[in-house]
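Per-entry structural report
Residues per chain are reported as follows:
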Amino acid sequence: MPQLTLKNVTLAFGGPPVLDGVDLRIERGDRICLLGRNGEGKTSLLRLLAGHESPDQGEIIRESGLRIGVLPQELHATLEGTAIEVVGGSTHEAERALTLVGIAPDADVATLSTGRRRRVLLARAVAADPDILLLDEPTNHLDIPAIRRLEDFLRRFHGTLIFVTHDRDFLRTQARRIVELDRGRLRDWSCDYDTFLRRRDDDLAAESKRNAEFDRRLAEEEVWVRQGVRERRTRNEGRVRRLLAMRQERHARRDSLGTARMALQDAERSGRLVAKAENVTFGYDDTDVIRDLSCAILRGDRIGIVGPNGAGKTTLLRLLLGELAPRSGTIRLGTGLDTAYVDQQRETLDPTRSVQDNVADGNDTVTINGNQIHVLTWLQRFLFTPERARSPLARLSGGERNRLLLARLFPRPANLLVLDEPTNDLDLETLELLEELLAEFAGTILLVSHDRAFLENVVTATLVFTGDGEIVESAGGWRDWEKLELAAASPKKIKTRKAKPRAEPKKKLSFKEARELEALPAEINTLETEKSELESQLADPELYKTGGDQVGTLRDRLAALEPELERLYERWQELESIRELS
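In short, a report on the structure.

Parameters at a glance
- Residues numbered from 1 in each chain as written.
- Predicted model: local features only at pLDDT ≥ 70, side-chain atom pairs only at ≥ 80, totals over all residues.
- Heavy atoms only, no water.
- Pairing = 2+ DSSP bridges.
- Helix = DSSP H or I, 4+ residues; strand = E, 2+ residues; numbered from the N terminus.
- Axes fitted to C-alpha atoms, helices over the stretch in contact; angles between N-to-C directions.
- Contact = heavy atoms within 4.5 Å.
- Buried < 20%, exposed > 50% of the residue type's maximum accessible area, 1.4 Å probe, protein only.
- Core = buried A, V, L, I, M, F, W, Y, C linked by side-chain atoms within 4.5 Å.
- Expected span 1.5 Å × (residues − 1).
- Polar contact = N/O pair within 3.5 Å; in protein donor to acceptor, adjacent residues only side chain to side chain.

Let's talk about the sheet that holds strand E5 (residues 68-71)
A sheet is described by the order of its strands in space; here six strands give the open sequence E5-E6-E7-E3-E8-E9, paired in mixed fashion. On the outer flanks of this sheet lie E5 and strand E9 (185-189), each paired with one strand and no other. Averaged over all adjacent pairs, the angle separating strand axes in this sheet is 15°, with direction ignored. Sheet strands touched by helix H4 (residues 114-127): E5 and strand E6 (132-136). Its angle to E5, the strand with the most contacts, is close to 170°.

Comments concerning the pairing of strand E3 (residues 31-35)
Burial of E3 is extensive: five of the five residues sit out of reach of the surface. Examined bridge by bridge, E3 and strand E7 (residues 160-164) share three bridges and lie parallel to one another. Bridge pairing in E7 places Ile-32 opposite Ile-162. As defined by bridge partners, E3 adjoins strand E8 (residues 177-182) across four bridges and the pair is classed as parallel. Each residue of the ladder has a partner; that of Leu-34, found in E8, is Val-179.

A short note on the environment of Ser-510
For Ser-510, the location among the structural elements is in the loop between helix H17 (478-488) and helix H18 (511-538). For the pair Ser-510 and Ile-578, spaced 68 residues apart in sequence, the C-alpha separation works out to 9.9 Å.

Regarding the nonpolar core
Counting 88 residues, the largest nonpolar core has Trp-378, Leu-379 and Leu-404 as its most contacted members. Broken down by element, the residue count for this core peaks at seven residues, all from H4. Contacts of Leu-379, omitting those with residues within four sequence positions, involve Val-355, Gln-356, Val-359, Phe-384, Ala-389, Leu-404 and Ala-407. One finds Ile-297, Ala-311, Leu-324 and Val-418 within the second-largest nonpolar core, a separate group that totals 27 residues.

Focus on helix H5 (residues 144-156)
With 13 residues, H5 extends 19 Å between its outermost C-alpha atoms, agreeing within 8% with the 18 Å of an ideal straight helix rising 1.5 Å per residue. Buried within H5 we find Ile-144, Ala-146, Ile-147, Leu-150, Glu-151, Phe-153 and Leu-154. Its side-chain oxygen 2.9 Å from the backbone nitrogen of Ala-146, Asp-143 forms the N-cap of H5.

Section: the sheet that holds strand E2 (residues 19-26)
Spatially, three strands are ordered E2-E1-E4 in an open sheet, and the strand pairing comes out antiparallel. Strand pairing shows two members of the sheet lacking a second neighbour, E2 and strand E4 (57-62), which therefore form its edges. With strand direction ignored, the average angle separating the axes of adjacent strands in the sheet is 15°. Relative to strand E1 (residues 4-11), helix H1 (residues 42-50) is tilted by about 130°, and along the sheet it contacts E1, E2 and E4.

Encoded structure:
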């Protein structure tokens, strides 16, 4: 019996239906990623599943006693009290969930930033031990270590998982079923994300071909019905009825919005040097956020900035742009810089104005590379219909607001792009198009992001906050840095992780410890192989159709492997350190 069933459900908010008579069955153990364009209604569908919204028509059937945990995309209520009080439930589960998201149990929630308050809500959703966990953009405002912890937790989660995300790495590790919301319909794909992309492209190509053939036949019928008087007197009445039905079908058809088309307006080239920092230190009160930084950013560089939340990434941007003065050291800015900035908080959008006025400042046109373009035409390139373009900012979803920021940014000539978490809430297609646009941009890019795939596809070098104000420069994207970090702490022939700091080791291995060190690589490899096999089995959709209780057994074994591998890695590090010192 399914946990949740939607039967002929319709939901609309005064426009075209968000859900148009859809059916959906959610089985126990499903791991579903809900995909769709910004504004299609993904959040509304999650609210229906959670019971926070009622359909206009149709029926939603829930298993008796079903417990549902929810992480909303936006905060709608004031949260007060300590973090552990807001999370609630048993103290042990609340503390474990708060550790997962990196929030202290005694933190005053009312004083936390929006992103950190959202982390508290994530902890509350997972601490309640739900049967179904609904997550709306769960990786937003999480740094990469926190995303990793969340991924590890969800791998061990025994319940049903339904989530919306723009994070392709997260999607690939968690989803075994894709449900796509497209023009009011649900398309169900029992496959991983990469297989979905191939099948979806084939499906859309077939749909386009069918629509083109239909439009050709409709045009032929329109010509026929307009023939001369004699022909009209002898026309086939059945054919006329078919034509009228075809007209009605064409009128009702909801065509795909197509693909966002972006064009970035280039400014004159900057000087070769964009910014140079020499022995720069900066901090607040008695705490150094950045210590002894030296780096040079040259024209054409694409620099990723990575680090934990609160490390000082936005502060570094402001230093490099000359908005802050260092405590010590010097920052030299290059010549001829025209900077375009996408801020993390979307502070450049005016909530009192409409969508089109936010882009064109009350004008009817925008200028792109010397050409005047009507603002509604420009906004259609970013998938805003004329009706949506005239609507107030408050009606936009989070992803639509981010797309609006891009529409506002791109008409401004720039040779330096500064992007502070630009991917939050963007749908995946727009995200990939943004990557293509940045690949064609001839200027310099400074990018703060926790999106591993986006970093990998855009940047050529990375500045990494490693703790205590230290910043390390690494060639390539996030994965290149990750490989360097692992290589510094790993033997060449086995996969390892960076160990926790340990006490000063002994000076010499005993005979028994030497034999233990010799055996550890093979033992670790054996467990890593078993772990990979378990993850492959759990990623197979067929297991959930035929496996029954086997699913729980496999997940339990995988959960048991994690701490055992951690123990072996730490022991290897400890013994290897002793051997190197002897």
